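A look at the structure
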Amino acid sequence: MNRVYIKTYGCQMNERDSDAVAAMLRARGYRIVQDENACDIMLLNTCSVRDAAEQKAIGKAGYVSHRKKHQPDFVLGILGCIAQNRGAELLDKLPDVDLIVGTQKFHQVPGYLDNLRAAREAGVPIGETIIDIAEEAGSQNTIKDHFVSEDAAPQVNAFVSIQQGCNMDCHFCIVPKTRGDERSRPMDEIVAECETLARRGVKEITLLGQIVTSYGRRDYAHTAGVSPFVQLIEKVHAIDGIERIRFTSPHPRGFKEDLVEAYGRLPKLCEYVHLPMQSGSNRILKAMNRPYSRERYKEIVDALRAVRPDMYFSTDIIVGFPGETDEEFEQTRELFEACNYDMAYIFKYSIRSGTPAAELGDQILDEVKERRNQVLLDILRKNSERRNAILLGTVEEVLVEGPDKNGLRFTGRTRGNRVTVFDADPRLVGRLVPLKIDRASVSTLYGELQLAGVESD
Ligand code: SAH
Ligand code: F3S
């Protein structure tokens with residue numbers, strides 16, 4: 001009765017939350033299994049950001065709940081954003097769900113499972129579904145440290161949550177509703193977590209939040225023009241053992257001179273920035289309630305390239321926001337091309353009920369969204385191929401993460417966040433090694449490690 005399978009939908013924050021739930025469950029004696037057919041408890045950690053993501057998780061829950069017919073003790077839980085967004089209403093469609101736990105209550109999951117399990121073992125008839133989607137005071141700290149238990153694989157890179165929620169109120173976005181108000185974790189706790197991770201061998205830290213550039217704005221003062229977020233980066237930078245720092249996601253509004261300048265003086269800060277643009281039309285940006293212009297956006301990109309000419313960029317774009325005309329899309333295309341992204345997440349606008357944009361008329365036809373999507377994807381593919389061609393024959397620093405998908409070779413990422421695949425000795429996992437790139441597909445670089453001169457342990 002203690003085998004748990006966790007399926008995660010959506011963003012890195014969800015991945016991180018699932019990892020934390022898994023660690024808490026292991027610490028309580030549960031076993032985390034990789035085979036969904038061999039579990040007693042299935043937890044779906046869900047995403048609400050677009051309709052397709054919601055449908056996928058709800059469909060899965062409906063399908064899996066049939067298992068109760070032949071496995072009566074089976075426990076099914078829905079966690080995260082859909083749970084938060086829909087709460088008890090989920091039971092209309094999914095009456096057999098045992099547990100519905102919102103985004104501020106992940107830390108309660110082990111306790112709830114203990115209760116459900118005890119009831120099952122005592123033969124108590126299956127009662128009401130447990131639903132907990134309340135707000136939690138101090139919830140910026142409820143998912144705290146990465147507990148690492150014996151059976152967890154050694155970690156090379158880690159996501160560290162620095163902030164929960166978002167107050168930006170972009171008019172298309174459900175996240176402020178599913179993740180609640182913006183709350184920042186205390187700086188010394190974040191630094192302490194990073195120090196612990198470094199002692200356990202973690203080399204790369206990704207600081208996570210919905211709008212990391214606003215980190216600590218209510219809790220800490222600027223010092224000599226340096227924002228609390230940059231102060232935090234400086235502190236993580238000072239930790240021995242941490243070799244690479246990334247963060248996601250900044251907001252163009254908060255991307256000020258101090259952060260640009262940090263790239264010039266903090267070498268551990270990787271030359272890769274994910275900077276959501278959403279649209280290249282000033283009118284659409286305004287309608288989205290995104291407080292910057294296309295000109296300001298481009299200025300940030302140019303300033304970063306001036307400080308680090310080898311900077312890699314990725315972005316988020318929404319095509320087909322209500323009322324987006326061909327000319328407005330053309331502006332997005334133009335800015336998209338000008339920024340020369342290495343990676344991009346391009347989304348077709350999806351109506352999210354309860355958001356201001358859902359009330360706008362003038363929805364864009366699906367086929368138009370699809371066409372616009374393809375235009376940007378084509379540019380992205382060409383950019384990626386161009387970038388890869390430049391990298392052929394060069395030597396890049398790679399952090400060896402572990403076996404690749406097929407388990408035959410090894411994988412790791414460059415500082416610019418490109419995925420690489422190569423042959424390696426397992427003892428190199430967790431090491432920074434030079435890789436000579438000799439082949440590339442659109443999304444992956446292949447090469448040979450250059451180990452002469454790299455001392456071995
Ligand atoms: N600040 C967050 C954004 C979370 S949502 C971050 O850390 O990335 C991720 C992306 O989903 C957004 O940047 C946006 O491009 C996209 N998105 C959000 N709401 C959407 C909607 N209603 N339709 C389509 N895409 C959406
Ligand atoms: Fe969503 Fe905008 Fe915040 S995209 S997460 S409301 S910055």
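Rules used throughout
Residues numbered from 1 in each chain as written. Chains lettered and ligands numbered in written order. Predicted model: local features only at pLDDT ≥ 70, side-chain atom pairs only at ≥ 80, totals over all residues. Heavy atoms only, no water. Helix = DSSP H or I, 4+ residues; strand = E, 2+ residues; numbered from the N terminus. Rg over C-alpha atoms; globule rule 2.2 N^0.38 Å. Areas by Shrake-Rupley, 256 points an atom, 1.4 Å probe, with all protein chains shown as cover. Lys, Arg positive; Asp, Glu negative; His and termini not counted. Charge placed at Lys NZ, Arg CZ, Asp CG, Glu CD. Near = heavy atom within 4 Å. Nonpolar A, V, L, I, M, F, W, Y, C, P; charged D, E, K, R; others polar. Polar contact = N/O pair within 3.5 Å; in protein donor to acceptor, adjacent residues only side chain to side chain. Pairing = 2+ DSSP bridges. Axes fitted to C-alpha atoms, helices over the stretch in contact; angles between N-to-C directions. Buried < 20%, exposed > 50% of the residue type's maximum accessible area, 1.4 Å probe, protein only. Contact = heavy atoms within 4.5 Å. Salt bridge = Lys/Arg side-chain N within 4 Å of Asp/Glu carboxyl O. Core = buried A, V, L, I, M, F, W, Y, C linked by side-chain atoms within 4.5 Å. Domains from an automatic or database assignment. Buried area = accessible area lost by both parts, 1.4 Å probe. Parallel < 35°, antiparallel > 145°, perpendicular 65-115°, else oblique. Left-handed = near helix turned anticlockwise from the far one by under 90°.

We now examine the overall build of the chain. The helix and strand inventory of the chain stands at 13 helices and 19 strands. Taking 2.2 N^0.38 as the reference for a compact globule, 457 residues should give roughly 23 Å; the C-alpha atoms of the chain span a radius of gyration of 23 Å, in line with that estimate. Overall size of the chain, expressed as C-alpha extent along the three principal axes, is 65 × 65 × 45 Å. As displayed, the chain has an accessible area near 20100 Å², and 50% of this comes from carbon and sulfur atoms. Side-chain charges in the chain split into 61 positive and 68 negative, and the spacing between the mean points of these groups amounts to 1 Å.

What follows is about the site of ligand 2. Surrounding ligand 2, one finds Cys166, Met168, Asp169, Cys170, Phe172, Cys173, Val175, Pro176, Gln210, His251 and Arg290. A per-class count over the shell around ligand 2 returns 7 nonpolar, 2 polar and 2 charged.

This part covers the site of ligand 1. Around ligand 1 sit 14 residues, and of these Gln210, Ser249, Gln278, Asp316 and Ser350 come closest. In this structure, Phe172 approaches ligand 1 through a main-chain N or O atom, which is 3.0 Å from a nitrogen atom. Gln278 is positioned with one of its side-chain polar atoms (N or O) 2.7 Å from an oxygen atom of ligand 1. When residues of the shell around ligand 1 are traced back to their parent elements, those giving at least two are β13 (312-319) and β14 (343-348). For the shell around ligand 1, the class distribution of residues is 5 nonpolar, 5 polar and 4 charged.

Glancing now at the sheet that holds strand β15 (residues 395-403). Strand pairs in the sheet, formed through backbone hydrogen bonds, run parallel or antiparallel to each other. Pairing is mixed around the closed barrel formed by 5 strands, whose spatial order is β15-β16-β17-β19-β18. Taken pair by pair, the neighbouring strands of this sheet meet at an average axis angle of 50°, ignoring direction. Of the pairings in the sheet, the one linking β15 to strand β16 (residues 410-414) comprises 5 bridges and is antiparallel in character. Counterpart to Gly402 in the pairing with β16 is Thr411.

The next subject is unusual backbone geometry. With an omega dihedral of -5°, the bond running from Thr248 to Ser249 counts as a cis peptide bond. Here Ser249 is to be found in the loop between β11 (244-248) and α9 (257-265). Here the phi dihedral of Asn289 falls at roughly 65°; this positive angle occurs in a residue that is not glycine. The class for Asn289 is partly exposed, based on a relative accessible area of 29%. Backbone geometry at Asp362 places phi at a positive 60°, although glycine is not the residue there. Secondary-structure assignment places Asp362 in the loop between β14 and α13 (366-391).

Examined against the element boundaries, Ser350 turns out to sit in the loop between β14 and α13. Its relative accessible area of 15% is what places Ser350 among the buried residues. Not counting residues up to four positions away in its chain, the partners in contact with Ser350 are Arg50 and Asp51.

With that settled, consider the pattern of salt bridges. Summed over all chains, the structure comprises 38 salt bridges. Residue Glu182 is joined to Arg217 by a salt bridge in which the shortest nitrogen-to-oxygen separation is 3.1 Å. One end of the pair, Glu182, is in the loop between α6 (175-179) and β9 (183-184); the other, Arg217, is in the loop between β10 (204-208) and α8 (228-237), with 35 residues separating them in the sequence. Note on Arg217: relative accessible area 42%, which makes it partly exposed. A single salt-bridge network, built from bridges that share partners, covers Glu204, Arg244, Arg246, Glu397, Glu401 and Arg413.

Bringing the nonpolar core into the picture now. Formed by 54 residues in total, the largest nonpolar core has its most connected members in Leu207, Phe247, Phe255 and Phe336. Ranked by the residues each element gives to this core, the list is headed by helix α7 (residues 187-199), at 6 residues. Among all residues touching Phe336, those that are not within four sequence positions of it are Met277, Thr315, Ile317, Tyr341, Ala344, Ile346, Leu376, Ile379 and Leu380. Counting residues in each nonpolar core, the second largest holds 21 residues, with Cys39, Leu44, Ile82 and Leu94 among its members.

Note that β15 and strand β18 (residues 432-440) share 5 bridges and pair antiparallel. Each residue of the ladder has a partner; that of Leu399, found in β18, is Leu432. Sheet analysis places β18 next to strand β19 (residues 444-449), joined by 5 bridges and oriented antiparallel. Looking across to β19, one finds that Ile437 is bridged to Gly447. Between β18 and the antiparallel strand that follows it, β19, lie 3 residues.

With that settled, the discussion passes to the domain arrangement of the chain. If you check the domain split of the chain, you get domain 1 (3-132), domain 2 (139-387) and domain 3 (395-449). Computed over C-alpha atoms only, the centres of domain 2 and domain 3 are separated by 25 Å. For the pairing of domain 2 and domain 3, the buried interface totals around 1500 Å² over both sides, and the portion due to carbon and sulfur atoms is 47%. By the criterion of area lost to domain 3, the three top residues of domain 2 are Val156, Arg244 and Tyr312, representing 37% of everything that side buries. The salt bridge partner of Arg413 is Glu204, with a shortest N-O separation of 3.1 Å.

A word on the environment of Ala344. When you line up the elements, Ala344 lands in strand β14. What makes Ala344 buried here is its relative accessible area of 7%. Contacts of Ala344, omitting those with residues within four sequence positions, involve Thr315, Phe336 and Leu380.

Right, let's talk about the packing of helix α12 (residues 326-339) against α13 for a bit. It is the contact of α12 with α13, at a shortest axis distance of 10 Å, that shows an interaxial angle of 15°. Judged by the angle between their axes, α12 and α13 are roughly parallel. As α12 runs across α13, the sense of the crossing is right-handed. Mapping the contact onto sequence places Asp326, Phe329, Thr332, Arg333, Phe336 and Glu337 in α12 and Arg372, Val375, Leu376, Ile379 and Leu380 in α13.

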